[in-house]
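Summary of structural features
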Amino acid sequence: MNKVLPRACVYAYDALALFAVAVVLSFAFITPAYAYVDPSVMTYAIQAVAGVAVALSTVLGVAFRRTRKKLFKLLKIDENSNKCVDPRVSRIKPGDAAALKRAEERSVIFSKQVKQGLPARKLTFCGRLVRALVVSVFVSFTLLFVAPFELVAGNGSDLLFGLDSVAPIMAALSAIVALVLTLVLTCLKGKAFDIVLSVLAALGLCFWLEALFLNTGLPGANGSVVDWDEYTTITAISAAVWVVVIAAFVVLAAKKRKMSRIAAVVVSVALVFVQGVGLVGAAAHAGSSSSDVTYKVTQKGLYDVSGKKNVIVFCLDAMDTVELEQIRTEYPDFWDDYTGFTYFNNVVGSGMPTHYGVPFLLSGEYPQYDESWTTYNQQRWNRSTLLSDISDAGYSVGVYSDTFANGLEPVSHIAMNVNADDGQESEAPDTFGTIAAMTKASLYRDMPWLFKAPFWYYTDEINASMKGESGQAVNRDSLDDETYTLNDPKYYSTLISLGLSADDDSQTGAFRFIHLFGSHEPFNMDENAQDTSGGPVTPGTADTSTSFQQTRGALHIVAEYINQLKELGVYDNTTIIVTSDHGRHHVQYDPLDYAMCTSLLIKPAQSAELDARPYQISSVPTGHMDYAAMLETSIGNYDSKYGTQTPFDVADSPRDRYFYMTAWSAVTDWGIREYKINGNALDFANWSLTGVYWDCENYWRSSSDMGKSLSDIDFSMDGAVGPVVQAGPGSNITTGNPDCLQDRQ
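Only a predicted model underlies this, so the values are computations on that prediction, with no experimental measurement involved.

Overview of the overall build of the protein
Counting its secondary structure elements, the protein contains 19 helices and 18 strands. In the protein, which comprises 745 residues, the share counted as buried stands at 50%. Per element, the accessible surface of the protein, about 33,800 Å² overall, is 58% carbon and sulfur.

Okay, here's the thing in structure tokens:
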């Protein structure tokens, strides 16, 4: 008992010292993903804070070492117990050969002890259990809780479920994995235990280093094809770091077993605390960035139309006129179901990417030259009367999409399927689907670059997995509370099994805006709208189909919808617009070098005779600039702010049209360029930059730009190097809260 109490005091003191150092170090390693600071300034601030934190931790280490010696003296503990120390010095008489020989022998023995160290103390079962538990918790906590926590906290607007739903599931998984690792590791003994313990600690350290320092330029979760050959440099650096760290821990365990145990425990405890501090910050950010009211987009009314009048808009994501032209050429009979339609093949969209394109289709509002891009994003819903005009005309409004930017709150006042959370029990995530999705996302973030490709994911895949979508038909009564996700094969399956009904009893009719995955990457649907995600994957992609097959599959879904409208006898009273938020695209920072032409097919409500004729082709210069007027006139409103010129009213003569293209890096918007198109939109020779550019605060500035006002900086972006701040994997919308400048040159 006399020996236990002093040792317990020393262990408590060591724990306090480790805690204090970890507290200071945590300020040096908090990831700056959530700071709304100019990146060119933030870089220096982080370096300064890190330097001060490391210096303070060094000072603390020295102070604790000195006070520890005094504590040993006070508790009468031999500090040199079980250590190799120099023997006491004694004089040897000249000529005493025997004494000299004994001194040499002791010197040889001591030298070996110093070189090899004292034999490691044999650990008891409890000793192994405690060490195994500490390291196992560190590894499972880092990979299975910290990574999912930060992913959900930083991308709440993209994901169907928040921290309150995901965190408990991953916490339970992390605890179970930690327990299993602990039990397995505790069963090992001797050098095997020390080596495996060190390897686990090294893996945890590598996970942490990878996420914090080595994920620069990590491809975002937007579905675009990733050319992994472009990342050879960072792949080599990442692999080298992993090899060095793991090798160092293994060598230490083999040669200095006692020291390796200490290193494994100290690293584990320190980084668990450091990451814990980061999670507190992430949770605080998630809480502060979310509004007090949350909204849910359900499937209520998705398969209902009116027996009176209908206006139906299909937004087939990323579908380009180029693909429609290919279908028209190679499959001329493909359009047989699209009777009464007019196919417009000279079309310009509004903007790119989806988080600008879809909100435009719901608001009809373009940016104005005298406002910043932030002001446009904030004010477009206040300026827009598009959805309210439709509702005021007596139409029920159903809007089905996962992309509203900041428009969920205003849309919720109009759309019957967008509901504020009433605080009651809501749809819960699928446990095993959530585990699969979050584990995959975590491995993508934390694994070395060499092994990231198999774990690459896209946002809708994560949502579908957490929602537990199986593609099976659902009961119509359950749709009112079921969250809407972009899952084209499931939508098609439900459309076939449930069918459309003309049960909407609104005063005038029904308006439906249905956003489908369409032609967007990755390609996991065939031409018959069947899910191919379980099939062979194209190397370097997540594709199990092709763009052309998936485009035909999306249009096949619309054709089925058309045929069901005909069977219900409401086709003639229905206006149908088939368009896309944007055309084919690549994630790029540089100006466009190809034409991006939105798709557009329209069938107005018209006579049975006109609805029976084959589809027509029009090459008039039209596009999304005439879309809002088409909606307004379809509901009989000829006095709206959007005018009355529909695509059918456009003259076949030269016309200036404008398109707003984002300079982006998949996870970050850097600026918006305005293009003017005069002539056939399919010919890129007719596209030109106007010189109008909205700059977002995330724009990277070279050292030569420091100190200049935004109006004095060259915004041509030629040769720009891209972002220095990147948000977490799984995000596909703009990061931060850009404060933008518009300047006409």
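From this point, the narrative continues.
A look at the pairing of strand β15 (residues 657-664)
The buried count for β15 comes to 7 of 8 residues, which makes it a mostly enclosed element. Looking at chain direction, strand β6 (residues 351-352) and β15 are connected through 2 bridges and run parallel. Looking at the pairing, Gly351 lines up with Tyr660 of β15. As judged from the 8 bridges shared by β15 and strand β16 (residues 669-677), these two strands associate in the antiparallel manner. Across the sheet, Ala663 pairs through a bridge with Gly671, a residue of β16.

Quick notes on the pattern of salt bridges
Evaluation of the coordinates by the stated rule reveals 14 salt bridges. In this structure, the salt-bridge partner of Glu371 is Arg383, at a minimum N-O distance of 2.9 Å. Here Arg383 lies in helix α11 (residues 373-383) and Glu371 lies in the loop between α10 (354-363) and α11, a separation of 12 residues in the sequence. A relative accessible area of 8% places Glu371 in the buried class. The network of salt bridges with shared partners includes Glu365, Glu371, Arg383 and Lys641.

Focus: the sheet that holds strand β13 (residues 616-618)
Strand order in the open sheet formed by 7 strands is β7-β10-β3-β11-β12-β4-β13, with mixed pairing between adjacent strands. Here the strands that pair on one side only, and so sit at the sheet edges, are β7 (395-400) and β13. Strand-to-strand twist across the sheet, computed as the mean angle between neighbouring axes with direction ignored, equals 15°. Pairing analysis gives 8 bridges linking strand β3 (residues 309-316) to strand β10 (residues 509-516), with the strands arranged parallel. Each bridged residue has a counterpart across the sheet, and for Val311 the counterpart in β10 is Phe511. On the sheet, helix α19 (residues 627-634) packs against β3, β7, β10, β11 (574-579) and β12 (600-603) and is oriented at approximately 165° with respect to β11.

A closer look at the side chain of Thr142
When you line up the elements, Thr142 lands in helix α4 (residues 125-154). The buried category is assigned to Thr142, whose relative accessible area is 1%. A polar side-chain atom of Thr142 sits 2.7 Å from the main-chain carbonyl oxygen of Phe138. Apart from the residues within four sequence positions on either side, Thr142 is in contact with Ala147, Gly204, Phe207, Trp208, Gln275, Arg445 and Asp446.

Let's talk about the nonpolar core
In terms of nonpolar packing, the biggest core is built from 134 residues, with Phe314, Tyr491, Phe511, Phe513, Leu555 and Tyr561 touching the most fellow members. With 13 residues, the single largest contributor to this core is α4.

Thoughts on helix α17 (residues 547-568)
For α17, built from 22 residues, the straight-helix expectation of 32 Å at 1.5 Å per residue is met to within 8% by its first-to-last C-alpha distance of 32 Å. Gly569, located one to two residues past α17, shows a positive phi value of around 80°.

Let's talk about the packing of helix α6 (residues 190-213) against helix α7 (residues 232-255)
Contact geometry of α6 with α7 gives a least axis separation of 8 Å together with a crossing angle of 155°. With respect to their mutual orientation, α6 and α7 come out roughly antiparallel. As for the relative orientation of α6 and α7, their crossing is right-handed in sense. When the residues that make up the contact of α6 with α7 are grouped by side-chain class, the tally is 17 nonpolar, 2 polar and 3 charged.

Observations concerning the packing of aromatic side chains
In total, this model carries 29 aromatic pairs according to the counting rule given. Taking the centre distance of 6.1 Å and the plane angle of 90° together, the rings of Trp208 and Phe213 count as edge-to-face. With relative accessibility at 10%, the residue Trp208 sits in the buried group. Three or more aromatic residues link up through ring pairs in this structure, and these residues are Tyr356, Phe360, Tyr366, Tyr369, Trp373, Tyr376, Tyr660 and Trp694. Taking the ring centre of Tyr444 as reference, the NZ or CZ of Lys452 above it sits at 5.9 Å. The ring of Tyr571 carries the charged tip of Lys566 above its face, separated from the ring centre by 5.0 Å.

A closer look at the packing of helix α14 (residues 431-446) against helix α15 (residues 459-467)
Here α14 crosses α15 at 150°, and the two axes come no closer than 6 Å. Comparing the axis directions of α14 and α15 gives the class roughly antiparallel. In terms of crossing hand, the pair formed by α14 and α15 is left-handed. Contacts from Gly433, Thr434, Ala436, Ala437, Met438, Lys440 and Ala441 of α14 reach α15 at Glu461, Ile462, Ser465 and Met466.

Topic: the pairing of β3
The buried fraction of β3 amounts to 7 of the 8 residues, a majority that puts the element mostly inside the structure. In terms of strand pairing, β3 meets β11 through 6 bridges, oriented parallel. When the sheet's bridge partners are listed, Phe314 is paired in β11 with Val578.

A word on the confidence of the model for the protein
Detailed reading of the predicted coordinates is not advisable wherever pLDDT is low. Residues at a pLDDT of 70 or more form 73% of the protein, whose mean pLDDT is 80. Every residue in residues 28-51 is under pLDDT 50, and counting partners more than four places away or in other chains gives 27 contacts. In the model, residues 698-745 has pLDDT below 50 throughout and makes 119 contacts with residues more than four positions away in sequence or in other chains.

A look at a nonpolar patch on the surface
On the surface, Ile176, Val180 and Val184 cluster together to form a nonpolar patch covering roughly 280 Å² of accessible area. Note on placement: Val184 falls in helix α5 (residues 163-186). A relative accessible area of 53% places Val184 in the exposed class.

Details of the environment of Arg657
In this fold, Arg657 is placed in strand β15. For the pair formed by Arg657 and Pro621, sequence separation is 36 residues and the distance between their alpha carbons is 8.1 Å. Beyond its immediate stretch of four places on either side in the chain, Arg657 contacts Asn346, Val347, Val348, Pro621, Thr622, Met625, Tyr675, Lys676, Ile677, Gly679 and Ala681. Reaching out from Arg657, the side chain makes a polar contact with the backbone oxygen of Thr622 at a distance of 3.0 Å.

A word on unusual backbone geometry
Omega for the bond connecting Met352 with Pro353 falls within 30 degrees of zero, at 10°, which places this linkage in the cis form. The residue Pro353 is located in the loop between β6 and α10 in this model. Note that the residue after Glu521, namely Pro522, is joined by a cis bond; omega there is -5°. Locating Pro522 in the fold gives a position in the loop between β10 and α17.

Considering the environment of Val399
If you trace the backbone, Val399 turns up in strand β7. Sequence separation between Val399 and Val313 is 86 residues; the distance between their C-alpha atoms is 9.5 Å. Every residue in contact with Val399, bar those within four places of it in the chain, is listed here: Val297, Leu362, Leu387, Phe404, Val411, Ala415, Asn417, Val418 and Phe513.

Brief notes about α19
With 8 of 8 residues buried, α19 lies mostly within the body of the structure. What α19 keeps buried is the set Tyr627, Ala628, Ala629, Met630, Leu631, Glu632, Thr633 and Ser634. Looking one or two residues beyond α19, the residue adopting positive phi is Gly636, at roughly 85°.

A look at the environment of Trp381
With respect to the element layout, Trp381 can be found in helix α11. C-alpha of Trp381 to C-alpha of Gly407: the two residues are 26 residues apart in sequence and 6.6 Å apart in space. Not counting residues within four places of it along the chain, the set of residues in contact with Trp381 comprises Pro359, Leu362, Ser363, Phe404, Asn406, Gly407, Pro410 and Val411.

Reading the values: the criteria
- Residues numbered from 1 in each chain as written.
- Predicted model: local features only at pLDDT ≥ 70, side-chain atom pairs only at ≥ 80, totals over all residues.
- Heavy atoms only, no water.
- Helix = DSSP H or I, 4+ residues; strand = E, 2+ residues; numbered from the N terminus.
- Buried < 20%, exposed > 50% of the residue type's maximum accessible area, 1.4 Å probe, protein only.
- Areas by Shrake-Rupley, 256 points an atom, 1.4 Å probe, with all protein chains shown as cover.
- Pairing = 2+ DSSP bridges.
- Salt bridge = Lys/Arg side-chain N within 4 Å of Asp/Glu carboxyl O.
- Axes fitted to C-alpha atoms, helices over the stretch in contact; angles between N-to-C directions.
- Contact = heavy atoms within 4.5 Å.
- Polar contact = N/O pair within 3.5 Å; in protein donor to acceptor, adjacent residues only side chain to side chain.
- Core = buried A, V, L, I, M, F, W, Y, C linked by side-chain atoms within 4.5 Å.
- Expected span 1.5 Å × (residues − 1).
- Parallel < 35°, antiparallel > 145°, perpendicular 65-115°, else oblique.
- Left-handed = near helix turned anticlockwise from the far one by under 90°.
- Nonpolar A, V, L, I, M, F, W, Y, C, P; charged D, E, K, R; others polar.
- Phe/Tyr/Trp six-rings, centres within 6.5 Å; stacked < 30°, edge-to-face > 60°.
- Lys NZ or Arg CZ within 6 Å of the ring centre and 35° of its normal.
- pLDDT = per-residue confidence, 0-100.
- Patch = residues over 30% accessible without salt bridge, like charges linked within 9 Å, V, L, I, M, F, W, Y side chains within 5 Å.

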